[in-house]
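# Structural overview
Each chain is listed here by its residues.
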Amino acid sequence: MTKPRILVVFGTRPEAIKLFPVVRTLTDRGDVSVRTCVTAQHRGLLDQVLEIAGLVPDIDLDLMEPGQTLDRLTARLLTGLGAVLDAERPDMVVVQGDTATAMAGAMAAYYRKVPVAHVEAGLRSGDIYHPWPEEVNRRMIAPIAALHFAPTDTAAEALRREAIDPARIHVTGNTVIDALHWTRDRIAREPALASGLLPIADRVRDKRLVLVTTHRRENFGDGMTAIARALARIAAREDVAVLFPMHPNPNVGGVMDAVLGDNPRILRIDPLDYPHFVAALDLAHLVLTDSGGVQEEAPALGKPVLVMRETTERPEGVAAGTARLVGTDEDRIVSEIFTLIDDHAAYAAMARAHNPFGDGHASNRIAEIIADACRG
Ligand code: UDP
């Protein structure tokens, strides 16, 4: 009997981080045939994850173009993925989250009446421009998907409100927690995987380390300038060190160069590969970010996370008390960080390890349900 054919499609760093545990688990089962297709919507950052996860994609569309518009990217994704589906003829397509790749992958599958499994389904901010265009990307996948893997009850409830058949919604936890556990276990066995961080750990030994990431489109421009100014004020304190692995988007680096120059107090470095980033999270006293994935990882490690956004589709971290929305107002960012550094009770109240986003076994649940659905 031929095995059901599953095609897993992804294009960016966060998708790769959240899908490699699913690909590994599905492959290890042996009862389905798993093929992977990367669009390389974000080439460099994607390749870092593929390497560390030991994933060699079966198909690589290499669609990255400098400065590509959303229209051109989406058009190329749709035609490129359509051709892949015609050649591969999978029984199911797996997409993750809310990127253009996920949306176009779901559309191309729908045009061929191939069922779609959506990992990390049901995240909603309620505002189609925050995050943009991700809120609409993920909403467009919902009516198409045959299987909705909601990370939390909140996400499942959002899908039910959109009249998605409850029988098709499965609360699994977020696979990012699986990726985090897998990576920490690997670092424990092979410390060399994250040893590049040792010189930094040495340098910040007596300081409170603030780990910063920012890349959201909504924060480009004035928001980014305010973030840069806030970082300069935070790093001026003797007892604080700022570690900032910088996203390669020029909208980030350009502003940081203009505002921060070569400020030696802010350790601006290239994006870290995943094990090094996980080690940096472990080292951090607190985290300042506008990232989705980092909002999920920090609570799992008991690190307070200040989120530089006005709304979040991940309210579970805020409800659990480990995340707080601080927007991009310069004074607000500075005062929230200083409070966490100076007020031990405020820090202790946030620095409790919580796993509102999952228990590290999401991929097992997802693989089981996909295999069951394929058996019919
Ligand atoms: N990350 C990483 N290296 C870095 C910064 C982040 O590996 O230098 C990881 C992080 O652990 C998280 C993911 O990248 O799992 C988040 O990606 P990003 O912030 O680009 O996207 P988002 O999650 O906001 O979609």
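How each quantity is defined
Residues numbered from 1 in each chain as written. Predicted model: local features only at pLDDT ≥ 70, side-chain atom pairs only at ≥ 80, totals over all residues. Heavy atoms only, no water. Axes fitted to C-alpha atoms, helices over the stretch in contact; angles between N-to-C directions. Helix = DSSP H or I, 4+ residues; strand = E, 2+ residues; numbered from the N terminus. Parallel < 35°, antiparallel > 145°, perpendicular 65-115°, else oblique. Left-handed = near helix turned anticlockwise from the far one by under 90°. Contact = heavy atoms within 4.5 Å. Nonpolar A, V, L, I, M, F, W, Y, C, P; charged D, E, K, R; others polar. UniProt positions renumbered as here; feature names shortened; annotations may be inferred. Pairing = 2+ DSSP bridges. Expected span 1.5 Å × (residues − 1). Buried < 20%, exposed > 50% of the residue type's maximum accessible area, 1.4 Å probe, protein only. Near = heavy atom within 4 Å. Polar contact = N/O pair within 3.5 Å; in protein donor to acceptor, adjacent residues only side chain to side chain. Areas by Shrake-Rupley, 256 points an atom, 1.4 Å probe, with all protein chains shown as cover.

### Section: the packing of helix α9 (residues 222-235) against helix α10 (residues 250-260)
When two helices pack together, their arrangement is given by the angle between the helix axes and by the axis-to-axis distance. Interaxial distance between α9 and α10 falls to 9 Å at its minimum, and their mutual angle equals 45°. In terms of orientation, α9 and α10 fall into the oblique class. Crossing angle aside, the handedness with which α9 passes α10 is right-handed. Counting all contacts with α9, which are made through M224, T225, I227, A228, R229, L231 and A232, the residues of α10 involved are N251, V252, V255, M256, V259 and L260. Broken down by class, the residue content of the contact of α9 with α10 amounts to 10 nonpolar, two polar and one charged.

### Structural notes on the UniProt feature "domain: UDP-N-acetylglucosamine 2-epimerase" (unreviewed entry) in the protein
Per the UniProt entry, the sites bearing "domain: UDP-N-acetylglucosamine 2-epimerase" (unreviewed entry) are residues 25-370 in this numbering. Span residues 25-370 is 47% helix and 14% strand, its end C-alpha atoms 11 Å apart.

### A look at the sheet that holds strand β8 (residues 208-213)
Sheet strands associate in pairs through backbone hydrogen bonding, adopting either a parallel or an antiparallel arrangement. Taking strand neighbours across the sheet as the criterion, the six strands line up as β10-β9-β8-β11-β12-β13 in an open arrangement whose pairing is parallel. The sheet terminates laterally at β10 (266-269) and β13 (323-325), the two strands that pair on one side only. With direction set aside, neighbouring strand axes in the sheet form an average angle of 20°. Where strand β12 (residues 305-307) and β13 come together, three bridges link them in parallel fashion. In the sheet register, V307 faces β13, and the bridge partner there is L325. Packed onto the sheet, helix α14 (residues 330-342) meets β8, β9 (240-245), β11 (286-289), β12 and β13 and runs at close to 170° relative to β11.

### Here we look at helix α7 (residues 175-189)
Counted at 1.5 Å a residue, the expected span for α7 with its 15 residues is 21 Å, and the 21 Å between its end C-alpha atoms agrees. If you check which residues of α7 are buried, you get T175, V176, I177, D178, A179, L180, T183, R186 and I187. In this structure, the buried residues of α7 make contact with α1 (13-29), α2 (43-53), β5 (116-119), α11 (274-283), α12 (292-300) and α16 (362-375).

### Focus on the site of the ligand
With respect to spatial proximity, 14 residues lie near the ligand, and among them L272, S291, G292, G293 and E297 are the closest. One of the side-chain nitrogen or oxygen atoms of R13 is found 2.9 Å away from an oxygen atom of the ligand. A total of 540 Å² of accessible area belongs to the ligand in isolation, and the protein chains cover 93% of it. When contributions to the shell around the ligand are tallied by element, the ones reaching two or more residues are α1, α11 and α12. The greatest single-element share of the shell around the ligand, amounting to four residues, is contributed by α12.

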